[in-house]
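Listed below are the residues making up each chain.
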Amino acid sequence: MDGNGRWAIQRNKYRTSGHKAGVESVRKTIHEASKQSIDFLTLFAFSSENWSRPKKEVTMLMDLFTRALKKEVPELHQNGVKLNFIGDMSRFSSNMIKRMENVASLTKDNTKMVLTIAINYGGRWDIVQATNKMFQAIESGKIEKEQVNEKSFEQFLSMFNLPHPDLMIRTGGEKRVSNFLLWQLAYTELYFTKTLWPDFNEESLQEAIQEYIHRERRFGKTSKQIEDSVKC
Ligand code: FPP
(Lines give C-alpha, C1' and ligand atoms only; values in the text may rest on other atoms or scores of the structure.)
Protein backbone atom coordinates (compact mmCIF):
# COMPACT_ATOMS: atom_id res chain seq x y z
CA MET A 1 0.00 0.00 0.00
CA ASP A 2 2.54 2.59 -1.19
CA GLY A 3 2.13 6.26 -1.99
CA ASN A 4 0.31 7.69 1.05
CA GLY A 5 3.04 10.23 1.77
CA ARG A 6 3.28 11.46 -1.84
CA TRP A 7 -0.50 11.71 -2.09
CA ALA A 8 -0.49 14.04 0.92
CA ILE A 9 2.51 16.13 -0.22
CA GLN A 10 0.84 16.68 -3.63
CA ARG A 11 -2.06 18.22 -1.71
CA ASN A 12 0.15 20.34 0.56
CA LYS A 13 -0.86 18.22 3.52
CA TYR A 14 1.09 16.35 6.18
CA ARG A 15 2.15 12.81 5.26
CA THR A 16 -0.06 11.52 8.06
CA SER A 17 -3.20 12.71 6.26
CA GLY A 18 -2.14 10.41 3.40
CA HIS A 19 -2.17 7.47 5.81
CA LYS A 20 -5.62 8.49 7.06
CA ALA A 21 -6.88 8.60 3.46
CA GLY A 22 -5.21 5.21 2.96
CA VAL A 23 -7.53 3.63 5.51
CA GLU A 24 -10.46 4.50 3.23
CA SER A 25 -8.70 2.63 0.37
CA VAL A 26 -8.21 -0.33 2.70
CA ARG A 27 -11.95 -0.37 3.34
CA LYS A 28 -12.82 -0.10 -0.39
CA THR A 29 -10.32 -2.83 -1.30
CA ILE A 30 -11.60 -5.30 1.30
CA HIS A 31 -15.17 -4.66 0.22
CA GLU A 32 -14.42 -5.10 -3.48
CA ALA A 33 -12.23 -8.17 -2.88
CA SER A 34 -15.07 -9.79 -0.97
CA LYS A 35 -17.50 -8.86 -3.77
CA GLN A 36 -15.12 -10.46 -6.29
CA SER A 37 -15.11 -13.66 -4.17
CA ILE A 38 -11.43 -13.38 -3.38
CA ASP A 39 -10.80 -15.88 -0.58
CA PHE A 40 -7.50 -14.53 0.70
CA LEU A 41 -6.36 -10.93 0.89
CA THR A 42 -3.09 -9.85 2.51
CA LEU A 43 -2.25 -6.23 3.24
CA PHE A 44 1.28 -4.99 3.96
CA ALA A 45 0.48 -2.37 6.59
CA PHE A 46 3.89 -1.83 8.22
CA SER A 47 7.27 -3.26 7.33
CA SER A 48 10.16 -4.08 9.67
CA GLU A 49 11.99 -1.19 7.98
CA ASN A 50 9.19 1.35 8.61
CA TRP A 51 10.40 1.83 12.22
CA SER A 52 13.16 4.03 10.82
CA ARG A 53 10.60 6.71 9.82
CA PRO A 54 10.22 9.85 11.96
CA LYS A 55 8.96 8.87 15.42
CA LYS A 56 5.85 11.06 15.04
CA GLU A 57 4.83 9.24 11.85
CA VAL A 58 5.38 5.79 13.41
CA THR A 59 3.32 6.73 16.49
CA MET A 60 0.56 8.08 14.26
CA LEU A 61 0.55 4.91 12.13
CA MET A 62 0.25 2.67 15.21
CA ASP A 63 -2.55 4.83 16.54
CA LEU A 64 -4.34 4.81 13.18
CA PHE A 65 -4.00 1.05 12.95
CA THR A 66 -5.40 0.54 16.47
CA ARG A 67 -8.32 2.88 15.81
CA ALA A 68 -9.07 1.34 12.41
CA LEU A 69 -9.15 -2.12 14.01
CA LYS A 70 -11.55 -0.98 16.71
CA LYS A 71 -13.84 0.72 14.21
CA GLU A 72 -13.84 -1.81 11.37
CA VAL A 73 -13.77 -5.18 13.12
CA PRO A 74 -17.50 -5.41 14.00
CA GLU A 75 -18.50 -4.96 10.34
CA LEU A 76 -15.75 -7.26 9.06
CA HIS A 77 -16.86 -9.91 11.54
CA GLN A 78 -20.49 -9.49 10.49
CA ASN A 79 -19.42 -9.96 6.86
CA GLY A 80 -17.66 -13.24 7.62
CA VAL A 81 -14.06 -12.01 7.41
CA LYS A 82 -11.43 -13.93 9.37
CA LEU A 83 -8.55 -11.70 10.47
CA ASN A 84 -5.03 -12.90 10.81
CA PHE A 85 -1.91 -10.92 11.77
CA ILE A 86 1.63 -11.75 10.69
CA GLY A 87 4.90 -10.14 11.69
CA ASP A 88 7.28 -9.76 14.59
CA MET A 89 4.95 -8.91 17.48
CA SER A 90 7.81 -8.43 19.98
CA ARG A 91 8.00 -4.66 19.40
CA PHE A 92 4.34 -3.98 20.10
CA SER A 93 2.80 -3.05 23.44
CA SER A 94 1.04 -5.84 25.31
CA ASN A 95 -2.22 -3.92 24.80
CA MET A 96 -1.82 -3.94 21.05
CA ILE A 97 -0.84 -7.63 20.99
CA LYS A 98 -3.91 -8.47 23.11
CA ARG A 99 -6.13 -6.47 20.75
CA MET A 100 -4.85 -8.38 17.72
CA GLU A 101 -5.18 -11.72 19.51
CA ASN A 102 -8.76 -10.88 20.50
CA VAL A 103 -9.67 -9.93 16.94
CA ALA A 104 -8.11 -13.12 15.57
CA SER A 105 -9.95 -15.19 18.15
CA LEU A 106 -13.30 -13.44 17.59
CA THR A 107 -13.18 -13.99 13.81
CA LYS A 108 -11.46 -17.41 13.72
CA ASP A 109 -14.49 -19.35 12.47
CA ASN A 110 -15.46 -16.91 9.70
CA THR A 111 -15.31 -18.36 6.21
CA LYS A 112 -16.11 -15.62 3.66
CA MET A 113 -12.55 -14.31 3.35
CA VAL A 114 -9.23 -14.50 5.18
CA LEU A 115 -7.76 -11.03 5.64
CA THR A 116 -4.12 -11.14 6.70
CA ILE A 117 -2.50 -7.97 7.95
CA ALA A 118 1.28 -7.91 7.81
CA ILE A 119 2.53 -5.60 10.53
CA ASN A 120 6.19 -5.22 11.52
CA TYR A 121 6.63 -7.86 8.87
CA GLY A 122 9.63 -8.59 6.67
CA GLY A 123 10.13 -11.56 4.36
CA ARG A 124 13.73 -12.06 5.57
CA TRP A 125 12.60 -11.92 9.21
CA ASP A 126 9.99 -14.57 8.39
CA ILE A 127 12.54 -16.93 6.82
CA VAL A 128 14.95 -16.51 9.76
CA GLN A 129 12.25 -17.03 12.42
CA ALA A 130 11.06 -20.13 10.51
CA THR A 131 14.62 -21.46 10.41
CA ASN A 132 14.97 -20.98 14.18
CA LYS A 133 11.66 -22.75 14.82
CA MET A 134 12.76 -25.58 12.57
CA PHE A 135 16.04 -25.97 14.48
CA GLN A 136 14.02 -26.18 17.71
CA ALA A 137 11.74 -28.81 16.17
CA ILE A 138 14.80 -30.84 15.15
CA GLU A 139 16.41 -30.49 18.58
CA SER A 140 13.24 -31.58 20.35
CA GLY A 141 12.88 -34.53 17.98
CA LYS A 142 9.61 -33.33 16.39
CA ILE A 143 11.18 -33.66 12.95
CA GLU A 144 14.29 -35.40 11.66
CA LYS A 145 17.05 -33.46 9.89
CA GLU A 146 16.52 -35.73 6.88
CA GLN A 147 12.87 -34.64 6.66
CA VAL A 148 13.76 -31.01 5.95
CA ASN A 149 12.46 -29.98 2.55
CA GLU A 150 10.45 -27.09 1.06
CA LYS A 151 7.16 -28.54 2.30
CA SER A 152 8.26 -29.28 5.86
CA PHE A 153 10.08 -25.92 6.11
CA GLU A 154 6.95 -24.02 5.08
CA GLN A 155 5.02 -25.06 8.15
CA PHE A 156 7.26 -22.75 10.21
CA LEU A 157 6.58 -19.65 8.10
CA SER A 158 3.98 -17.08 9.22
CA MET A 159 1.57 -17.90 6.38
CA PHE A 160 1.92 -21.67 6.80
CA ASN A 161 -1.78 -22.44 6.61
CA LEU A 162 -2.53 -20.10 3.70
CA PRO A 163 -2.01 -20.53 -0.05
CA HIS A 164 0.72 -18.60 -1.86
CA PRO A 165 -0.61 -15.39 -3.39
CA ASP A 166 -1.78 -15.51 -7.02
CA LEU A 167 -1.36 -11.79 -7.48
CA MET A 168 0.68 -9.11 -5.74
CA ILE A 169 -0.37 -5.51 -6.31
CA ARG A 170 2.01 -2.69 -5.48
CA THR A 171 0.72 0.85 -5.74
CA GLY A 172 2.77 4.06 -5.94
CA GLY A 173 4.90 3.31 -9.01
CA GLU A 174 7.89 1.49 -7.48
CA LYS A 175 8.70 -1.85 -9.10
CA ARG A 176 10.04 -3.93 -6.24
CA VAL A 177 8.75 -6.31 -3.59
CA SER A 178 10.43 -4.52 -0.64
CA ASN A 179 10.84 -7.56 1.62
CA PHE A 180 7.22 -8.71 1.34
CA LEU A 181 6.40 -12.47 1.44
CA LEU A 182 9.76 -13.37 -0.18
CA TRP A 183 9.23 -17.13 0.03
CA GLN A 184 5.59 -17.11 -1.00
CA LEU A 185 5.98 -14.76 -3.99
CA ALA A 186 8.13 -17.22 -5.95
CA TYR A 187 5.44 -17.80 -8.61
CA THR A 188 3.10 -14.90 -7.85
CA GLU A 189 2.06 -12.60 -10.68
CA LEU A 190 3.31 -9.07 -9.99
CA TYR A 191 1.23 -6.01 -10.82
CA PHE A 192 2.64 -2.51 -10.46
CA THR A 193 0.52 0.59 -10.75
CA LYS A 194 1.41 4.29 -10.51
CA THR A 195 -1.84 4.90 -8.64
CA LEU A 196 -1.03 6.18 -5.15
CA TRP A 197 -2.62 4.05 -2.43
CA PRO A 198 -5.20 6.66 -1.28
CA ASP A 199 -6.46 6.83 -4.90
CA PHE A 200 -6.74 3.03 -5.16
CA ASN A 201 -10.40 2.03 -5.27
CA GLU A 202 -12.85 -0.62 -6.47
CA GLU A 203 -12.11 0.06 -10.17
CA SER A 204 -8.36 -0.12 -9.54
CA LEU A 205 -8.74 -3.59 -8.05
CA GLN A 206 -10.97 -4.69 -10.92
CA GLU A 207 -8.33 -3.48 -13.43
CA ALA A 208 -5.60 -5.44 -11.65
CA ILE A 209 -7.73 -8.60 -11.64
CA GLN A 210 -8.57 -8.11 -15.33
CA GLU A 211 -4.87 -7.95 -16.17
CA TYR A 212 -4.14 -10.96 -13.97
CA ILE A 213 -6.72 -13.21 -15.64
CA HIS A 214 -5.02 -12.70 -18.99
CA ARG A 215 -1.62 -13.80 -17.71
CA GLU A 216 -0.40 -17.29 -18.48
CA ARG A 217 0.88 -19.02 -15.34
CA ARG A 218 3.28 -21.73 -16.36
CA PHE A 219 5.03 -22.60 -13.06
CA GLY A 220 8.12 -23.62 -15.04
CA LYS A 221 6.19 -25.65 -17.63
CA THR A 222 5.76 -24.86 -21.36
CA SER A 223 2.71 -23.10 -22.85
CA LYS A 224 1.82 -26.33 -24.66
CA GLN A 225 1.82 -28.33 -21.43
CA ILE A 226 -0.49 -25.77 -19.82
CA GLU A 227 -2.84 -25.77 -22.86
CA ASP A 228 -2.96 -29.58 -22.83
CA SER A 229 -3.72 -29.74 -19.11
CA VAL A 230 -6.61 -27.25 -19.59
CA LYS A 231 -8.05 -29.43 -22.42
CA CYS A 232 -8.02 -32.57 -20.23
C1 FPP B 1 3.30 3.39 2.53
O2 FPP B 1 3.16 4.68 1.97
C3 FPP B 1 2.26 3.14 3.53
C4 FPP B 1 2.48 2.79 4.84
C5 FPP B 1 3.83 2.63 5.41
C6 FPP B 1 1.36 2.61 5.79
C7 FPP B 1 0.15 1.91 5.27
C8 FPP B 1 -0.94 2.07 6.25
C9 FPP B 1 -2.25 2.31 5.96
C10 FPP B 1 -2.78 2.38 4.59
C11 FPP B 1 -3.25 2.53 7.05
C12 FPP B 1 -3.47 1.48 8.08
C13 FPP B 1 -3.66 0.07 7.59
C14 FPP B 1 -4.62 -0.79 8.00
C15 FPP B 1 -4.52 -2.20 7.56
C16 FPP B 1 -5.77 -0.38 8.83
P17 FPP B 1 4.37 5.73 2.11
O18 FPP B 1 4.18 6.49 3.37
O19 FPP B 1 5.66 4.99 2.00
O20 FPP B 1 4.15 6.64 0.88
P21 FPP B 1 5.29 7.41 0.04
O22 FPP B 1 6.10 6.34 -0.64
O23 FPP B 1 4.50 8.23 -0.93
O24 FPP B 1 6.08 8.22 1.00
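See the structure printed just above.
How each quantity is defined
Residue positions within a chain follow its written sequence, with the count starting from 1. Two thresholds apply to this predicted model, a pLDDT of at least 70 for residue-level local features and 80 or more for giving and counting side-chain atom pairs, whereas whole-chain, interface and lining totals are computed over all residues. Just so you know, side-chain values use all the structure's heavy atoms and leave hydrogens and water out. Aromatic pairs are defined between Phe, Tyr and Trp rings, using the six-membered ring for Trp, whenever the two ring centres lie within 6.5 Å; interplanar angles under 30 degrees are classed as stacked, those over 60 as edge-to-face, and all others as tilted. Each helix is a run of DSSP H or I of at least 4 residues and each strand a run of E of at least 2, with the numbering of both proceeding from the N terminus. Each residue is assigned to one of three classes by its accessible area relative to the maximum for its type, calculated with a 1.4 Å probe on protein chains only: buried under 20%, partly exposed between the two thresholds, exposed over 50%. Helix span, as expected, comes to 1.5 Å for every residue beyond the first. The seven residues ending at a residue and the seven starting there each receive a fitted axis; the angle between those axes is the bend at that residue. Note on contacts: a residue pair is in contact if any heavy atoms of the two residues lie within 4.5 Å. A pair is scored as a salt bridge if a Lys or Arg side-chain nitrogen falls within 4 Å of a carboxyl oxygen belonging to Asp or Glu. Strands are treated as partners if at least two bridges between them are detected by DSSP.

1. A few points about the packing of aromatic side chains
By the definition in use, this model includes ten aromatic pairs. Ring centres 4.5 Å apart and planes at 20° place the aromatic pair Phe44 and Phe180 in the stacked group. One end of the pair, Phe44, is in strand E1 (residues 40–47); the other, Phe180, is in the loop between strand E4 (167–170) and strand E5 (189–192), with 136 residues separating them in the sequence. With respect to class, Phe44 is no different from Phe180; both count as buried. An angle of 75° between the planes, with centres 5.0 Å apart, marks the rings of Phe46 and Trp51 as edge-to-face.

2. What about helix H3 (residues 55–78)?
Helix length check: H3, at 24 residues, gives a terminal C-alpha distance of 35 Å against a target of 34 Å (1.5 Å per residue), a fit within 8%. The largest bend in H3 comes to about 45°, at Glu72, with the proline Pro74 one to four residues further on. For H3, the elements touching its buried residues are helix H2 (15–35), E1, strand E2 (81–86), helix H4 (94–106) and strand E3 (113–121).

3. A short note on the pattern of salt bridges
Within the structure shown, the criterion is met by twelve salt bridges. Here Arg15 ties to Glu57 by a salt bridge, and the two come within 2.9 Å at their closest N and O atoms. On the criterion of sequence distance, the pair formed by Arg15 in helix H2 and Glu57 in helix H3 is long-range, its members being 42 residues apart. Looking at Glu57, the relative accessible area reads 6%, which means it is buried.

4. What to know about the pairing of E5
Burial along E5 is one-sided: Glu189 and Tyr191 are buried, while Leu190 and Phe192, pointing the other way, are not. In the sheet, E4 pairs with E5 via four bridges, with the strands oriented parallel. The partner of Ile169 across the bridge, within E5, is Tyr191.

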